[in-house]
Number of protein chains: 2
Amino acid sequence: MDVWVGGGGTSEVAPGDRLADVGEFGLIDRFLIALTETGVEPDPEHGVLVGPGDDAAVVAAPDGRVVVSTDVLVEGRHFRRDWSSGYDVGVRAAAANLADIAAMGAHPTALTIGLAAPIDLPVAWTLELARGLAAEAAAGGAVVVGGDMVRSDTLVISVTALGRLDGRPPVLRSGARPGDLVVLAGRLGWAAAGLRLLSDGIAEGPLVEAHRRPTPPYGWGPRLAALGATAMLDVSDGLVQDAGHLAAASEVAIDLWLAALRTLGGPGITDEDLLTGGDDHPLLATLPVGTRLDEDGPVVVGVVRAGSGVTIDGDFREGPGGHDHFPAA
Amino acid sequence: MDVWVGGGGTSEVAPGDRLADVGEFGLIDRFLIALTETGVEPDPEHGVLVGPGDDAAVVAAPDGRVVVSTDVLVEGRHFRRDWSSGYDVGVRAAAANLADIAAMGAHPTALTIGLAAPIDLPVAWTLELARGLAAEAAAGGAVVVGGDMVRSDTLVISVTALGRLDGRPPVLRSGARPGDLVVLAGRLGWAAAGLRLLSDGIAEGPLVEAHRRPTPPYGWGPRLAALGATAMLDVSDGLVQDAGHLAAASEVAIDLWLAALRTLGGPGITDEDLLTGGDDHPLLATLPVGTRLDEDGPVVVGVVRAGSGVTIDGDFREGPGGHDHFPAA
């Protein structure tokens, strides 16, 4: 881990300053200060026993287990700097990981950040990234506890999130049983529709905002676990593809109802967005039949059956179901 | 986290296959199989309660705390594929992180891997990377529990390591006191000398091997902690620079003895290698005066004094002390 010693000082930068202008330690000092501008300190009150500034951090894992997940974002593949601010990219990078923790039924506790960045990257952009990471971490109940910054021709952001289960068993992908309800918490198709609008040159509106700053329903992870969720995952590659992962892991079939999915959409969101869009990171869970859901809670979008694969209103889905990061030739 | 479901199958690849030829899931299947070829399974016996194949992994944190550290390696900056095999790079990426965990006085438990890779990267190289990561993880007592693989123009490997303290307080950088002994466990200057030989076209020998596959003394982390180490870090940016970090954090001065440091070197290792070389990841610790050290244990290389900064035989070191990842213009 980088040293990440906060030397007091300031997160201010001269306009136009690039990473090469401030050096590694100048960057780390400012980055660390920007992280704490959210007001959440990496201290024992927030479950952080040793924060940034040493070889490693030490984080509370109260029930003797820690949940851990890593996701990587690459400029040009997962974000574009002309479409998203540093703050937005920080929010998205944190959200992708925090949602994975929630999908285990866990509460996020801490993030570490691996940043590989070109030396001509503006320092101001990097500090906005820190602010976005810290703000979304706080939204999920977590704190950034350290990381590493290195030089690279391509801008790559690797985030690792930790979480706590508070004594509950983790909710895996493999526990769905025929007869279970399939429910979805959070937004579906919004980010995909927003990305399409951005490609068409439309830079504003709620869908574009949903792409720039997803709002995964972190709190529903532990709540669905407490309701008895038999399986859960966060939708990141597209609903059909991810429901397929859950169905395969549980050795069941999942039938999704398009009319129910459409209640999660809205103007400008196509059926394709609902079925194949990632990046909103809603939670897809299966619950024992008869489970009562709050009026403002998850929506029942289908049912688990014996068999295999994913059907939409009983028909197998044709064509590609989502995102492959290394498309086969 | 990526799905990382092992679908059985094989880690074999056709000669010449690139990532684009096998697709994301074809790569993940093979990567996962290559990881387990070490014989260490991600199972409860090895402290892994949920391994690869879900949104996140769950790792034992027996005393209710988890140590966490992240380091990033970039092709062309931290390794060259013409100088190091995939296996070597895997060893180095794991070692950098495991050493950070050991430097807290902790035992490594788990690694996650964030891999951003060009689509023309040979699949075989990637699987060698997996084998190197898994083998070095096992050398440190840890297991690879998951990760994420994405496409990128630059090859970037981000590793996060977790560890356990077994009830001991973490050993920070800030606890050194005037009068303490300064000790060093592990090799010093070997990797730097090996890197110089590689630049000169010499591709073999113990120094080159030390660069390709560092062997940090992981076990000495907890042992030095048990001996009462007052401060500790792993030397990754160079001894003078890292000793300076420890001195600054502890608000003390550190005097190093060149004659003692030279006993850790050998033929082909210059004083400059000893003072500024990183990548061997030895552990630098301070111990109460009077601490007895085994004959085959760490070497006393200096003493802590009141004051600030790092001196070599009483003289302040001139010139640059190590590595800055974003050199200031």
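Each value, and the rule that gives it
- Residues numbered from 1 in each chain as written.
- Chains lettered and ligands numbered in written order.
- Predicted model: local features only at pLDDT ≥ 70, side-chain atom pairs only at ≥ 80, totals over all residues.
- Heavy atoms only, no water.
- Least-squares fit on C-alpha atoms with pLDDT ≥ 70 in both.
- Contact = heavy atoms within 4.5 Å.
- Salt bridge = Lys/Arg side-chain N within 4 Å of Asp/Glu carboxyl O.
- Helix = DSSP H or I, 4+ residues; strand = E, 2+ residues; numbered from the N terminus.
- Buried < 20%, exposed > 50% of the residue type's maximum accessible area, 1.4 Å probe, protein only.
- Pairing = 2+ DSSP bridges.
- Axes fitted to C-alpha atoms, helices over the stretch in contact; angles between N-to-C directions.
- Buried area = accessible area lost by both parts, 1.4 Å probe.
- Polar contact = N/O pair within 3.5 Å; in protein donor to acceptor, adjacent residues only side chain to side chain.
- pLDDT = per-residue confidence, 0-100.
- 1 Å grid on protein atoms, 1.4 Å probe; cavity = no way out; pocket = protein on both sides within 12 Å on 5 of 7 lines; lining within 4 Å.
- Points joined across faces, edges and corners; volume = space filled by probe spheres on them.
- Nonpolar A, V, L, I, M, F, W, Y, C, P; charged D, E, K, R; others polar.
- Phe/Tyr/Trp six-rings, centres within 6.5 Å; stacked < 30°, edge-to-face > 60°.
- Lys NZ or Arg CZ within 6 Å of the ring centre and 35° of its normal.

Engineer: Explain the relation of the copies chain B and chain A to me, please; I cannot follow it from the model alone.
Structural biologist: Copies of the same chain, two in number, are related to each other by a rotation about an axis and a translation along it. Overlay of chain B on chain A (RMSD 0.0 Å): rotation 180°, translation along the axis 0.0 Å. Taken together, the rotation and translation describe the operation of a two-fold axis. Judged by C-alpha distance, Gly64(B) is the residue of chain B that lies nearest the rotation axis, at 2.3 Å. The fraction of interface residues of chain B whose copies in chain A are also interface residues reaches 100%, indicating that both copies meet through the same surface.

Engineer: Sorry, what's going on with the pattern of salt bridges here?
Structural biologist: Between side chains of opposite charge, a pair can form when the charged atoms approach closely. Within this structure, the stated rule accounts for 30 salt bridges over all chains. Of the charged contacts, one joins Glu209(B) and Arg212(B) as a salt bridge, the two residues approaching to 3.4 Å between their closest N and O atoms. Pair noted here: Glu209(B) and Arg212(B) are both in helix H5 (residues 206–212), with a separation of 3 residues, about one helical turn. You can call Arg212(B) buried: its relative accessible area is 13%. One network of salt bridges, in which partners are shared, links Asp88(A), Glu209(A), Arg212(A) and Arg213(A).

Engineer: Whenever I open this one, the sheet that holds strand S3 (residues 65–74) of chain A confuses me. Can you help?
Structural biologist: Where strands meet in a sheet, backbone hydrogen bonds hold them as pairs that are either parallel or antiparallel. The strand order S5(A)-S4(A)-S6(A)-S3(A)-S2(B)-S1(B) describes an open sheet built from 6 strands, whose pairing is mixed. What marks the edges here is a single partner per strand, and that holds for strand S5 (143–151) of chain A together with strand S1 (48–50) of chain B. Strand-to-strand twist of the sheet, defined as the mean angle between neighbouring strand axes without regard to direction, takes the value 25°. As paired elements, strand S4 (residues 107–117) of chain A and S5(A) share 8 bridges and run parallel to each other.

Engineer: Looking at this model, I keep getting lost on the sheet that holds strand S9 (residues 253–256) of chain A. Mind explaining?
Structural biologist: Residues and elements named next belong to chain A. Taken in spatial order, the 7 strands line up as S8-S10-S7-S11-S9-S12-S13 in an open sheet, and their pairing is mixed. Strand pairing shows two members of the sheet lacking a second neighbour, strand S8 (231–234) and strand S13 (315–316), which therefore form its edges. Both strand S12 (residues 309–312) and S13 contribute to a ladder of 2 bridges, which runs antiparallel. Counterpart to Ile-312 in the pairing with S13 is Asp-315. Helix-sheet contacts for helix H7 (residues 239–250) involve strand S7 (181–185), S8, S9, strand S10 (283–287) and S12, and the interaxial angle to S8 is about 150°.

Engineer: What exactly am I supposed to notice about the interface of chain B and chain A here?
Structural biologist: A common way to state how big an interface is: give the accessible area lost once the parts meet. If you look at the interface, chain B gives 75 residues, while chain A gives 75 residues. When chain B packs against chain A, close to 5600 Å² is buried across both sides, 60% of that on carbon and sulfur atoms. Measuring nitrogen to oxygen at the nearest pair gives 3.0 Å for the salt bridge that ties Asp55(A) to Arg173(B). One can count 21 residue pairs in polar contact (both at pLDDT 80 or more) joining chain B with chain A. Of the residues forming the side of chain B that touches chain A, the biggest block, 9 residues, is contributed by strand S3 (residues 65–74) of chain B. The pairing of strand S2 (residues 57–60) of chain A with S3(B) spans 4 bridges and is classified as antiparallel. Residue pairing in the sheet places Val58(A) in a bridge with Val67(B) of S3(B).

Engineer: I'm lost on the confidence of the model for chain A in this one. Help?
Structural biologist: For any part of a model where pLDDT is low, the fine detail of the predicted coordinates should not be relied upon. On average, residues of chain A score 91 in pLDDT, and 94% of them are at 70 or above. For this predicted complex, the interface confidence score (ipTM) comes to 0.91, while the overall pTM stands at 0.92.

Engineer: I keep staring at empty space enclosed by the protein and nothing clicks. Help me out?
Structural biologist: Space left empty within the atom packing is revealed by a probe, the size of a water molecule, rolled over the atoms. Residues and elements named next belong to chain A. Counted according to the given criterion, the structure contains 1 cavity of 30 Å³ or more. In this structure, the largest cavity spans a volume of roughly 80 Å³. What lines the largest cavity is Leu-32, Leu-35, Thr-36, Thr-38, Val-40, Pro-42, Pro-52, Ala-134, Ala-137, Ala-142, Val-143 and Val-144. Taken together, the elements giving at least two residues each to the lining of the largest cavity come down to helix H1 (19–36), helix H3 (123–140) and S5. Counting residues per element, the lining of the largest cavity draws most heavily on H1, which supplies 3 residues. Its residues placed into classes, the lining of the largest cavity shows 10 nonpolar, 2 polar and no charged.

Engineer: Sorry if this is basic, but what is going on with the packing of aromatic side chains here?
Structural biologist: Two aromatic rings are characterised by how far apart their centres lie and by the angle between their planes. Residue and element names in this part refer to chain A. Enumeration according to the criterion identifies 2 aromatic pairs over all chains in this entry. Summarising the aromatic geometry, the rings of Phe-79 and Trp-125 are spaced 6.3 Å apart at their centres and angled 25° between planes, so their arrangement reads as stacked. With Phe-79 in the loop between S3 and helix H2 (86–102) and Trp-125 in helix H3, this residue pair connects regions lying 46 residues apart in the sequence. For the cation-ring pair, Arg-81 lies above Trp-125, with the distance from its terminal atom to the ring centre recorded as 5.8 Å.

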